Amino acid sequence: MAMHDPHKQPSRTVLGLLLLASFTVITLDVRGDDFSPIEPLRSAVGEAFGPVEEVTATVVRPFEAVPGFFATTGSLREDLDRLEAENASLRGDLATSVVDRNRAAELDGLLESSSSTGYALVPARVIAMGPAQAFSRTVTIDAGTSSGVFPDLTVLNNDGLVGRVIRADRGTATVLLIVDAESVVGGRLGSSMEVGFLRGRGQAGNEGRLDLDLVDNAVTPGQDDILVTWGSKNGAPYVSGVPIGRVTAVYSSPRQLSKQAIIDPLVDFSSLDLVGVVVDGDAESDRTIIGAKSATGGRR
Amino acid sequence: MIAARALVVTFVITMAVVLQVSLFPYLAYDGVVPNLALLVVVASALVRGPEFAAALGFIAGLAIDLAPPADHIAGRWALALVVVGYLAGRVRHDARSSAIAAIIAVAASSFVGTSIFVLSGLVLSDPYVPAVEALRVVPVAVIFDVLLTPFVLPLMMRLFRRLEPHQVAY
């Protein structure tokens, strides 16, 4: 009971032990790198939290449209209670139908991007986003190893490149967005076919931008030039030919030899919902792979 | 009885961590969301004192560190929330005296917690964060936590008070 005595100094031992435990976890994770002993723990927690996040995302998704219909409620305030009640239920229906319609449009877009790029896609929904306080731009999608999603696969949506899978559990996977400060993507300018490296700035909001360093310093990218992925060996982590963004500004500094450009990504990272993970056409998956038939095996 | 209490606390922490990544991104300002787990730890500190809150902070922090889509080095939020729980527990008699004092305690906790997380990231360079970006995010995080305090803190404090084991009268 001494613990509850308000005048007693709290024990330093507990604090010391807990601080030591925190430092131990950090050290284990830093030292281990890719084979960190924390990794099994991480995937175990991922297996446990994945389904909970999935359920929560399903429950809260209809409310996504809530801020949108506050605009129309102002004029309805004077209406009778009965009308308001009726209205509320109608608005609920409308909100979900708007969400459904948007989702159908996104799915159409995804189908289209699958047929235009020739890649086979596993469709997935974004169920969780990392907070900005964590300073790493990652999202969780509801497809995992059971759907054929594995680390180092390209993720895109109907607008363009989203990112790559960095970790996959059975039912969920974590995607590193290209706007993350640690993300580097090989890009190719649509007009001149010149290659360069794209780095994220770590901001996902409306001012989310990417910095492009061109390999050839004699090339000046044009305004509104489209940038596509350059692609890597065996399509991992990025397949080639996926649109990334548009050139908005070009500058060169005396410190650096190459020209630099600022790229506005085509994807709106603050409202990510339906995405596609590029997989092998004949990959094993428990959900329908979009464009699996049209993709010929040799396209990867 | 102890098992039931542990179960309730586990449920509360799980919900706090999950809502933080699944619900609040829709309400986020520039990607910054309120730190619900931190509010739970502060509430437990105000009711139960530093030892309990530091232990809870360690568990809650580890949950944030490991639950997807987290990708930073594990243990950083655990460290931050242990310190937050301990400090909030130390000042709990002053912080419980009025609503304003409680809000100041939350603001200070949020500032300390997010700052420790940012500083540990700078030390470990994981991920590389420009100082400007950090300075932009920390105040927004503090304001968000304070805004959410009236809704979460009284509820959580009542919960922890009910979970408190009965004390033996001398």
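Residues numbered from 1 in each chain as written. Chains lettered and ligands numbered in written order. Predicted model: local features only at pLDDT ≥ 70, side-chain atom pairs only at ≥ 80, totals over all residues. Heavy atoms only, no water.

Another aspect to go through is the overall build of chain A. Counting its regular elements, chain A contains four helices and twelve strands. Residue burial in chain A is summarised as follows: out of 300 residues, 44% are buried. Partitioning the intrachain contacts of chain A with sequence separation of at least 6 by distance along the chain shows that 60% fall at a separation of at least 24. When the accessible area of chain A is evaluated, it comes to approximately 15,000 Å², of which 56% is carbon and sulfur surface. (Helix = DSSP H or I, 4+ residues; strand = E, 2+ residues; numbered from the N terminus. Buried < 20%, exposed > 50% of the residue type's maximum accessible area, 1.4 Å probe, protein only. Contact = heavy atoms within 4.5 Å. Areas by Shrake-Rupley, 256 points an atom, 1.4 Å probe, with all protein chains shown as cover.)

Residues and elements named next belong to chain B. Residues Val-42, Leu-81 and Leu-153 are the most contacted members of the largest nonpolar core, which totals 68 residues. It is helix α7 (residues 131-163) that provides the largest number of residues to this core, a total of 14 residues. Once you skip the residues sitting within four places of it in the chain, Leu-81 turns out to touch Leu-38, Val-41, Gly-57, Ala-60, Gly-61 and Ile-64. (Core = buried A, V, L, I, M, F, W, Y, C linked by side-chain atoms within 4.5 Å.)

Take the pairing of strand β5 (residues 173-177) of chain A next. Residue and element names in this part refer to chain A. With respect to burial, β5 is a largely interior element, five of its five residues being buried. Burial along β5 is two-sided: the residues Ala-173, Val-175 and Leu-177 and Thr-174 and Leu-176 are all buried. Taken together, the four bridges between strand β2 (residues 138-141) and β5 define a ladder with antiparallel strand orientation. Counted as the bridge partner of Val-139 is Val-175 from β5. In terms of strand pairing, strand β4 (residues 161-168) meets β5 through five bridges, oriented antiparallel. The partner of Val-165 across the bridge, within β5, is Val-175. (Pairing = 2+ DSSP bridges.)

Counting across every chain of the model gives three aromatic pairs over all chains. Seen in terms of ring centroids, Phe197(A) and Trp230(A) are 5.5 Å apart; in terms of plane orientation they differ by 55°. Their pairing is tilted. Note that Phe197(A) is positioned in strand β7 (residues 195-200) and Trp230(A) in the loop between β9 (226-229) and β10 (243-251), a separation of 33 residues in sequence. Classification of Phe197(A) by relative accessible area gives partly exposed; the value is 33%. Under the relative-accessibility criterion, Trp230(A) is labelled partly exposed at 31%. Ring centres of Phe52(B) and Phe160(B) lie 6.1 Å apart, and the angle between their planes is 75°; this geometry places the pair in the edge-to-face category. Taken as a pair, Phe52(B) in helix α3 (residues 50-66) and Phe160(B) in helix α7 lie far apart in primary sequence, 108 residues in all. Accessibility expressed as a relative area gives 21% for Phe52(B), which makes it partly exposed. (Phe/Tyr/Trp six-rings, centres within 6.5 Å; stacked < 30°, edge-to-face > 60°.)

What follows deals with the interface of chain B and chain A. Taken together, the 60 residues of chain B in the interface contact 56 residues of chain A. The interface formed by chain B and chain A contains one salt bridge. The residue Arg167(A) makes a salt bridge to Asp71(B) at a minimum N-O spacing of 3.1 Å. At the boundary of chain B with chain A, the tally comes to ten residue pairs in polar contact (both at pLDDT 80 or more). (Salt bridge = Lys/Arg side-chain N within 4 Å of Asp/Glu carboxyl O. Polar contact = N/O pair within 3.5 Å; in protein donor to acceptor, adjacent residues only side chain to side chain.)

We now examine α7(B). The terminal C-alpha atoms of α7(B) lie 41 Å apart, and with 33 residues this falls more than 12% below the ideal 48 Å at 1.5 Å per residue. At Thr149(B), α7(B) shows its maximal bend, which comes to roughly 60°, and the proline Pro150(B) appears one to four places after that position. (Expected span 1.5 Å × (residues − 1). Bend = angle between axes of the 7 residues up to and from the residue.)

A word on the environment of Asp65(B). Its location among the elements puts Asp65(B) in helix α3. Judged by relative accessible area, which is 0%, Asp65(B) ranks as buried. With 32 residues separating them in the primary sequence, Asp65(B) and Val33(B) have C-alpha atoms 16 Å apart. When residues no more than four places from it in sequence are discounted, the contact partners of Asp65(B) are Arg42(A), Ala70(B), His72(B), Ile73(B), Ala74(B), Gly75(B), Arg76(B), Trp77(B) and Ala78(B).

To continue, consider the sheet that holds β2(A). Residue and element names in this part refer to chain A. Here six strands make up a closed barrel; going around it, the order is β1-β2-β5-β4-β3-β12 and the pairing antiparallel. Looking at each pair of strands side by side, their axes are set apart by 45° on average, direction ignored. Where helix α2 (residues 38-60) meets the sheet, it contacts β1 (120-129), β2 and β4, and its direction lies at approximately 85° from that of β1. (Axes fitted to C-alpha atoms, helices over the stretch in contact; angles between N-to-C directions.)

Turning our attention to the side chain of Thr172(A). Counting through the fold element by element, Thr172(A) comes out in the loop between β4 and β5. Dropping the residues within four chain positions of it, Thr172(A) is found in contact with Gly46(A), Gly50(A), Glu54(A), Ile127(A), Thr140(A), Ile141(A), Ala143(A) and Gly144(A).

Across all of its chains, the model carries ten salt bridges over all chains by this definition. Residue Asp29(A) pairs with Arg42(A) through a salt bridge whose shortest N-O separation is 3.2 Å. In this pair, Asp29(A) is assigned in helix α1 (residues 12-32) and Arg42(A) in helix α2, connecting sequence segments 13 residues apart. Comparing Asp29(A) with Arg42(A), the two get one shared label, buried. Arg201(A) is the salt-bridge partner of Asp211(A), the closest N and O atoms lying 2.9 Å from each other. With Asp211(A) in strand β8 (residues 210-214) and Arg201(A) in the loop between β7 and β8, this residue pair connects regions lying ten residues apart in the sequence. One network of salt bridges, in which partners are shared, links Asp29(A), Glu39(A), Arg42(A), Arg167(A) and Asp71(B).

Moving on, we get to the confidence of the model for chain A. Residues and elements named next belong to chain A. For chain A, per-residue confidence averages 78 on the pLDDT scale, and 79% of positions sit at 70 or higher. Across chain A, element-level confidence peaks in β5 with a mean pLDDT of 91 and bottoms out in helix α3 (residues 70-73) with 54. Note on residues 294-300: pLDDT is under 50 here. Beyond four places in sequence and across chains, it has eight contacts. (pLDDT = per-residue confidence, 0-100.)

All names here are of chain A. Taken in spatial order, the six strands close into a barrel running β6-β7-β8-β11-β10-β9, and their pairing is antiparallel. Between one strand axis and the next, the sheet turns through 40° on average, direction left out of account. Two elements, β10 and strand β11 (residues 260-265), share six bridges in a ladder whose sense is antiparallel. Across the sheet, the residue bridging to Gly-245 is Pro-265, located in β11.

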